[in-house]
Structures are given as structure tokens and as C-alpha cells.
Amino acid sequence: MTKLTAQEAQAFGKVGVLMGGLSAERDVSIMSGTGVLAALQSQGVDAHAFDPGQRSLAELAAEKFDRVFIALHGRYGEDGSIQGALELLGIPYTGSGVMASSVGMDKITTKILWLRENLPTPEYAVLGADSDLDAEAARLGLPLIMKPPHEGSTIGITKVSDKAGLKAAYDAAAALDDCVLAEEFVEGREFTVAVLGTGKDARALPIVEIVAPQGNYDYQNKYFTDDTKYFCPPQLDQAMQDEMQRLAVAAYRAVGCEGWGRVDVLLRAKDHKPFLLEVNTSPGMTSHSLVPMAACATGVSYEELCVEILRTARLKLKK
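The rules we used
- Within each chain, residues carry numbers counting from 1 in the order of the written sequence.
- This being a predicted model, a pLDDT of at least 70 is required before a residue's local features are given, and a value of 80 or more before pairs of side-chain atoms are given or counted; all residues contribute to the totals for chains, interfaces and linings.
- To get the side-chain values, all heavy atoms of the structure are used, and hydrogens and water are removed first.
- For helices the rule is a DSSP run of H or I covering at least 4 residues; for strands it is a run of E covering at least 2, with both sets numbered from the N terminus onward.
- Multiplying one less than the number of residues by 1.5 Å gives the expected span of a helix.
- Residue exposure (1.4 Å probe, protein chains only): buried if accessible area is under 20% of the type maximum, exposed if over 50%, otherwise partly exposed.
- Here, two residues are considered to be in contact whenever any of their heavy atoms come within 4.5 Å of each other.
- Under this definition, polar contacts are N or O atom pairs within 3.5 Å; protein pairs additionally need one hydrogen-donor-capable and one acceptor-capable atom, and for neighbouring residues in sequence, both atoms have to be side-chain atoms.
- We call a set of buried Ala, Val, Leu, Ile, Met, Phe, Trp, Tyr and Cys residues a nonpolar core when their side-chain atoms join them within 4.5 Å.
- Two strands pair if DSSP finds at least two bridges between them.
- Geometry is summarised by axes, namely lines fitted to C-alpha atoms with helices restricted to the contacting stretch, and by angles between N-to-C directions that run from 0 to 180 degrees.

(A) Inspection of helix 10 (residues 238-255) at higher detail. The end-to-end C-alpha distance of helix 10 is 26 Å, a good match for the 26 Å that 18 residues give at a rise of 1.5 Å each. Looking only at helix 10, the buried set comprises Met-240, Gln-241, Met-244, Gln-245, Leu-247, Ala-248, Val-249, Ala-251, Tyr-252 and Val-255. Looking at the buried positions of helix 10, the neighbouring elements they touch are helix 5 (98-105), helix 6 (107-116), strand 8 (188-196), strand 9 (203-204), strand 12 (260-268) and strand 13 (274-280). The distance from a side-chain oxygen at the start of helix 10 to the backbone nitrogen of Ala-239 is 3.1 Å, and the residue carrying that oxygen is Asp-237. Looking one or two places after helix 10, you find Gly-256, whose phi comes out positive at around 90°.

(B) Just the nonpolar core, in detail. Judged by nonpolar contacts, the single largest core of 31 residues is most densely connected at Val-17, Leu-40, Val-45 and Phe-69. Every element with two or more residues in this core is listed here: strand 1 (14-18), helix 2 (26-42), strand 8, strand 10 (208-211), helix 11 (290-296) and helix 12 (302-311). Not counting the four nearest positions on each side in its chain, Val-17 is found in contact with Gly-33, Val-36, Leu-37, Leu-40, Ala-47, His-48, Ala-49, Phe-50, Phe-69 and Ala-71. Residues Val-193, Ile-207, Ala-251 and Cys-257 belong to the second largest nonpolar core, which totals 24 residues.

(C) Spotlight on the sheet that holds strand 2 (residues 46-50). Taken in spatial order, the 3 strands line up as 2-1-3 in an open sheet, and their pairing is parallel. This sheet does not close on itself; its edge strands, each paired only once, are strand 2 and strand 3 (67-70). For this sheet, the mean inter-axis angle between neighbouring strands, taken without regard to orientation, is 30°. The pairing of strand 1 with strand 2 spans 5 bridges and is parallel. The residue of strand 2 that forms the bridge with Leu-18 is Phe-50. Sitting on the sheet, helix 4 (residues 81-89) is in contact with strand 1 and strand 3, with an inclination near 180° to strand 3. Its contacts with the sheet place helix 12 against strand 1 and strand 3, and it is angled at close to 125° to strand 3.

(D) The pairing of strand 10, seen in detail. The pairing of strand 8 with strand 10 spans 3 bridges and is antiparallel. Across the sheet, residue Thr-192 finds its bridge partner in strand 10, namely Val-208. The pairing of strand 10 with strand 11 (residues 229-231) spans 3 bridges and is antiparallel. Along strand 11, the bridge assignment pairs Val-211 with Lys-229.

(E) Region of interest: unusual backbone geometry. Pro-143 follows Leu-142 through a cis peptide bond whose omega is 0°. With respect to the helices and strands, Pro-143 occurs in the loop between helix 7 (133-140) and strand 5 (144-147). Residue Pro-233 follows Cys-232 across a cis peptide bond; omega there is 0°. In this fold, Pro-233 is placed in the loop between strand 11 and helix 10. Phi angles above zero are rare outside glycine, and Tyr-76 is one such case at about 70°. Looking at where Tyr-76 falls in the secondary structure, it is placed in the loop between strand 3 and helix 4.

(F) Representation of the sheet that holds strand 4 (residues 124-127). Ordered in space as 4-7-5-6, the 4 strands form an open sheet in which the pairing is antiparallel. Two strands in the sheet have a free side with no partner beyond their single neighbour: strand 4 and strand 6 (158-160). Strand-to-strand twist in this sheet, taken as the mean axis angle between neighbours without regard to direction, amounts to 25°. Pairing of strand 5 with strand 6, which is carried by 3 bridges, proceeds in the antiparallel orientation. Counterpart to Ile-145 in the pairing with strand 6 is Lys-159. Sheet strands in contact with helix 6 are strand 4, strand 5 and strand 7 (180-184), and its direction is about 145° off that of strand 4. Seen against the sheet, helix 8 (residues 166-174) touches strand 4, strand 5, strand 6 and strand 7 and runs at an angle of roughly 30° to strand 5.

Read these as geometric descriptors, not functional statements.
Next up, the structure:
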């Protein structure tokens, strides 16, 4: 690991690491932010924790941060809300801007954009209180996936195997969101592709395959157990790896992401066709997280990754 010189560290100025927040992913965000904070401080950066779930925007302005690293996940942190506040306060920040963050957090709008760009994503339906669940299940087929379109970390997601489970799955997702996304279930292998950079300079890191117990990569298996296995690089031929990385970068660009992000992909077992699931504009940075794992496969340490991301902090809206 190459450590920053004192001059390089000082050039970042006073840095805020935003963590915690108000979303259902608060605990994971604190884990991510704690890791990022320690990494930046180990490099000599004048970094400080700031929790917008417990402190006001007035306090954020009063801190006079020169830039911030967003380690928030979910609503108010990954959906354009904090990005808009930072633009108004004039504080450069990491990751995607207001629009891309908002779009990336909305799985329905993301799908619409991807389909417009002829990018493969599972068939879907948007459900409301008056939707005919049986009819949509007949169209999409069973099993299917029911999820709240504005949550992350698999929160509120249910795999529905028969019609008897449709209503309970819908209710679980509807409790967390104004509408519900029903999605064709793709049987196959699960992968994720980290992307760094912006526009034509965006590049994919090595692919990570995720093998969870019983194929259930839920909240517990993501963050709190060691039962999930990860393979980086995965056992895929080079042509498929190249295609999956190409699709991930195209998906990232279609949403307008910048700085860094992560695109989740399924590879259908029956015909080896890849399908894009979602884009994460503020991915996890915990000990179990996948972007650091992919970076490590290229020889980039966790600390170096945090510094690389911090270097990209900027205001996105032209003054």
C-alpha cells in the first residue's frame, strides 16, 4: 500500500465522512462509514464523522468541510436528497449527482432507462392497491420476486413461489413503499460488477460471484455471517466476463452515474444470458462489501480505494 505524503493528505482539506442517516440501512451505513473514516485517517487525511440522522444541515454547513465522502445508504443518503443539500451548501461530494442518485435508487425508473438502451433486465410489473396480483403472476410466471422499488440491501424482498403467497409479499413491500415492483425470477448465478470513473472513462473492476446459502443473499447473509462465499474472479470464460463488464458500464452510464458504483447481474442458468438487476450509487464499504473485494483483486487496498474515491469529490451542478 502506498501511503499519501503529508502534502497530498493536506490537499484534501477538512473531510467529512457522512454515515448513519435515517434509512433502514442506517446500521450498515455506520459500518461502512466507520471503515472509510479509519482508512482516510490512516492516510493522514483530516477526516471526521458526521451523522445527518442525528445532526442538522445547519451543523453540516458549520463544520466547513472542504469535501465529503458519502457513506450513506438508502433513503435520504443515496437517493439524491443529501446530494441536493450538498450542492446548495457548495460542499463537493463523492459519487453520483442528484439526478443519477435519484434514478439509481428507483428500480422502476432504472429499468425503463435500461430497456430504452436495449440493456437486458428481468420482466416486471408495477403494482398498486388495485392491481390484479393473480393476473400479473400469470404474466410474469412463478416464482417471482416482490420488492419495494426504493429500498436497498434486499430489505422487503420476497420470493413468491405460489399464488397463496402473493398478498403477503405485496403487503410486506407496500409497507415500505408507495408502490411495489414485481419481477420475473431469473434462476441462475449471481454476480456484481464494481465500476469506477465517469462517462467514457468509467471502467469495470473484476467481477465478483456471490454464492449465498440456499441462494438466499439476504440482509443477514450480506452483512452479518461468513456463510456466503465470494469468488473474484469467478469461473466464467473470458468472453462472458467481458460482456458482463461491458453491460455493467453501459448500465452505469445510462443512469448517469459517476465516481463509483456497483451493478448487480444475474446469469440465467438455462441459456447463460446476463440480466441487469440494479445499480448502487453508494455501495457498501463494510468488511463484507464487494467493491473493496473487487479493488483488492487489482492490487488496490481498501485505504487506496477510499482515497481514489475521495479524489473524485466534486460539485456536479454548474454555477
